[in-house]
Structures are given as C-alpha cells and as structure tokens.
Amino acid sequence: MTEVATARRSRITPEREAELYAAVLDLLREVGYDALTMDAVAARTRSSKATLYRQWGGKAELVVKAIRHNKPGRDIGEVDTGSLRGDFHALMAHADDAEMAQSSALMRGLAMAMHANPDLHREFRGQIVEPEIVEFRRVLQRAVDRGEVRPDCPALDFVVHMMLGAFVTCTILDERPPTRAFLTSYIDAVVLPALGAPVH
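In this text the structure is predicted, and so the values were computed from the model without any measurement.

This brings us to the overall build of the chain. Helix and strand content of the chain: ten helices and zero strands. Along the chain, from the amino end to the carboxyl end, the secondary structure elements read α-α-α-α-α-α-α-α-α-α. Dimensions along the principal axes, computed over C-alpha positions, put the chain at roughly 55 × 40 × 30 Å. Long-range contacts, defined here as pairs at least 24 residues apart, represent 69% of the contacts in the chain between residues at least 6 apart. On the chain, roughly 11,000 Å² of surface is accessible, and the fraction owed to carbon and sulfur atoms is 55%. A gap of 5 Å separates the mean positions of the 25 positive and 28 negative side-chain charges of the chain.

If you want it as structure tokens, here you go:
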C-alpha cells in the first residue's frame, strides 16, 4: 500500500504527523532507542498503538521516519551554486548549531542501537543513508562535469564517510558538538583538498 493510501486510511494530517515525530524524537532523547516503546509513544501522543502500527509498522520505521522528517528541508542534490565549494558552503549556511548538537547526540545513541537492532540498521540505511549518498553523488557529479574534480579521483567514494566522520567524532575528540563553523572549516581543509577541488 502506498504512503498516500496509508495516510488516507488512518487520517493522520501532516500537522498530526509532525507532532507525532516530534514526540518520538523527544522520547528518543530522554530514554534512548532500546527503552523507547510504542506504548510510550502512544501515551505521549494520545494515540492508539493500533494506529501507530498501522501507519508505521514498527518502532524502527517510526523512529527513522521521525529523524528523516526532522532533517533540514533542503535536499543536498538541489543545491547548485556553480562550484563545489559554493555548494558545500551553501549546505552549511542552512545548518543550525543547536539542531546539529541534538542530531549529533541522537546519532551517537542510534549508532550503538543499530549494532543490536538489524531492523533499525536496515531502516536507517534505506531511508536516510542511501538517499543521502545519491544526493551527494549528484553534487559531486556536477563538480566532475565542470572539471573541478577528476572523474578518477579516489576520494570521490569517501566524501560521505569524511563528512559523517567529522560530524560524529567531533564530540568524542573535542568534547563539543559539531558546529557550522567547524564543518565549514573541515570542508575547506580536508574534503576539498582530498578531491583536488578549488578551495577559493
């Protein structure tokens, strides 16, 4: 059944859906993935468990869709400033330090939970990781087409690894969450040089 049909059957409005997702993320921050239950979500959102399962199927799908819904609205692949550095900087201009701090904390908790929950790992990879890899590839392909990056540059396969690594490890190494300023500097100092792309 399509998402449209499912939404129609359960009559969840976009506003109600956003409210449910916000409550799920609040619970996730409070208790972590393993302790989060559909009963707790139902109680927090004044919903029936049957409605939650009918709409989302289970906890893993609900949590991942809540995370995806909370991500900044602009798709990575839609950003096209005419240069790779401009594209990366434009993406950072839409970042919010407070939201990144919350996302970093959530990601650390989820990374641990994914080791023990294959269903969570599968949902997270399918709904968030793989679509973002596709979006990044669109940005990078434009840079190749413009002649900014060599098509055989070995770093092309590791851009997502570099970006995610900086985002996740900043708190571990520097004891502070990632910020827009940190990631922008990281792009100029590490990502662009690795790609052989102009940094000015």
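Now for the confidence of the model for the chain. When pLDDT drops low, the exact placement of atoms in the prediction is not to be read closely. Summary statistics for the chain give a mean pLDDT of 88 and a share of 93% for residues scoring 70 or more. The model gives residues 1–9 a pLDDT under 50, and that stretch makes nine contacts with residues more than four places away or in other chains.

A word on the pattern of salt bridges. Applying the stated criterion across every chain yields a total of 15 salt bridges. Of the charged contacts, one joins D39 and K49 as a salt bridge, the two residues approaching to 3.2 Å between their closest N and O atoms. Of this pair, D39 sits in helix α3 (residues 38–45) while K49 sits in helix α4 (residues 49–56), placing them ten residues apart in sequence. The class of D39 is partly exposed, set by a relative accessible area of 47%. What makes K49 partly exposed here is its relative accessible area of 36%. Across the pair R142 and D80 runs a salt bridge whose closest N-O atoms are separated by 3.6 Å. Of this pair, R142 sits in helix α8 (residues 118–146) while D80 is found in the loop between α5 (59–70) and α6 (84–93), placing the two residues 62 residues apart along the sequence. The partly exposed category is assigned to D80, whose relative accessible area is 47%. Taken together, the shared-partner salt bridges connect D80, D87, R142, R146 and E148 into one network.

We now examine helix α2 (residues 14–31). For α2, built from 18 residues, the straight-helix expectation of 26 Å at 1.5 Å per residue is met to within 8% by its first-to-last C-alpha distance of 26 Å. Those residues of α2 lying buried are L20, Y21, A23, V24, L25, L27 and L28. On the buried face of α2, the contacting elements are α3, α4, α5 and α7 (97–116). Phi for G32, located one or two positions after α2, is positive at around 85 degrees.

So, about the nonpolar core. In this structure, L28, L84, F88, L110, V149, V159 and L195 are the most contacted members of the largest nonpolar core, which totals 58 residues. At eight residues, the largest contribution of residues to this core is made by α8. With sequence-adjacent residues up to four places away left out, V149 is seen in contact with L84, A143, V144, L156, L195 and A197.

What follows covers α5. In an α-helix, one turn spans 3.6 residues, which is why side chains three or four residues apart end up on the same side. Taking 1.5 Å per residue as the helical rise, α5 with its twelve residues ought to reach 16 Å, and the 17 Å between its terminal C-alpha atoms agrees with that figure. Inspection of α5 places K59, A60, L62, V63, V64, K65, A66 and I67 among the buried residues, and these make up the whole buried set.

This brings us to the packing of α6 against helix α10 (residues 180–195). Look at α6 against α10: their axes get within 10 Å of each other, and the N-to-C directions meet at 160 degrees. In terms of their interaxial angle, α6 and α10 are classed as roughly antiparallel. Here the hand of the crossing between α6 and α10 comes out right-handed. Each of L84, R85, F88, H89, M92 and A93 in α6 lies in contact with α10, whose residues at this interface are R180, L183, T184, I187, D188, V191, L192 and L195. Split by residue class, the contact of α6 with α10 holds nine nonpolar, two polar and three charged.

Criteria and cut-off values
The numbers attached to residues start from 1 for each chain and follow its sequence in the written order. Totals for whole chains, interfaces and linings use every residue, but because this is a predicted model, local features are given only for residues with pLDDT of at least 70 and side-chain atom pairs only at 80 or more, for both listing and counting. To obtain the side-chain values, all non-hydrogen atoms of the structure were used and water was disregarded. Only DSSP runs of H or I covering at least 4 residues are called helices, and only runs of E covering at least 2 are called strands; the numbering of each starts at the N terminus. Contacts between residues were defined by any pair of non-hydrogen atoms, one from each residue, lying within 4.5 Å. Computed with a 1.4 Å probe, the accessible areas rest on the Shrake-Rupley method; for each residue, only the protein chains presented here act as cover. Positive charges come from Lys and Arg alone, negative charges from Asp and Glu alone, with His and the N- and C-terminal ends not counted. Where a charge sits is defined by one atom per residue type, namely NZ (Lys), CZ (Arg), CG (Asp) or CD (Glu). A residue's pLDDT is the confidence the predictor assigns to it, expressed on a 0 to 100 scale. Salt bridges are defined as contacts in which a side-chain nitrogen from Lys or Arg sits within 4 Å of a carboxyl oxygen from Asp or Glu. Buried, partly exposed and exposed residues are distinguished by accessible area as a fraction of the type maximum, computed with a 1.4 Å probe on protein chains only: under 20%, between the cut-offs, and over 50%, respectively. For a helix, the expected span equals 1.5 Å multiplied by the number of residues minus one. By convention a nonpolar core is built from buried Ala, Val, Leu, Ile, Met, Phe, Trp, Tyr and Cys residues, the set being connected through side-chain atoms within 4.5 Å. Every axis in this analysis is a line fitted to C-alpha atoms, fitted for helices over the stretch in contact. Angles between the N-to-C directions lie between 0 and 180 degrees. We call two directions roughly parallel when the angle between them is under 35 degrees, roughly antiparallel when it is over 145, roughly perpendicular when it lies between 65 and 115, and oblique otherwise. By convention the crossing between two helices is left-handed if the near helix lies anticlockwise of the far one by an angle smaller than a right angle, and right-handed if it lies clockwise. Only Asp, Glu, Lys and Arg are considered charged in this grouping, and only Ala, Val, Leu, Ile, Met, Phe, Trp, Tyr, Cys and Pro are considered nonpolar; every other residue, Gly among them, is considered polar.

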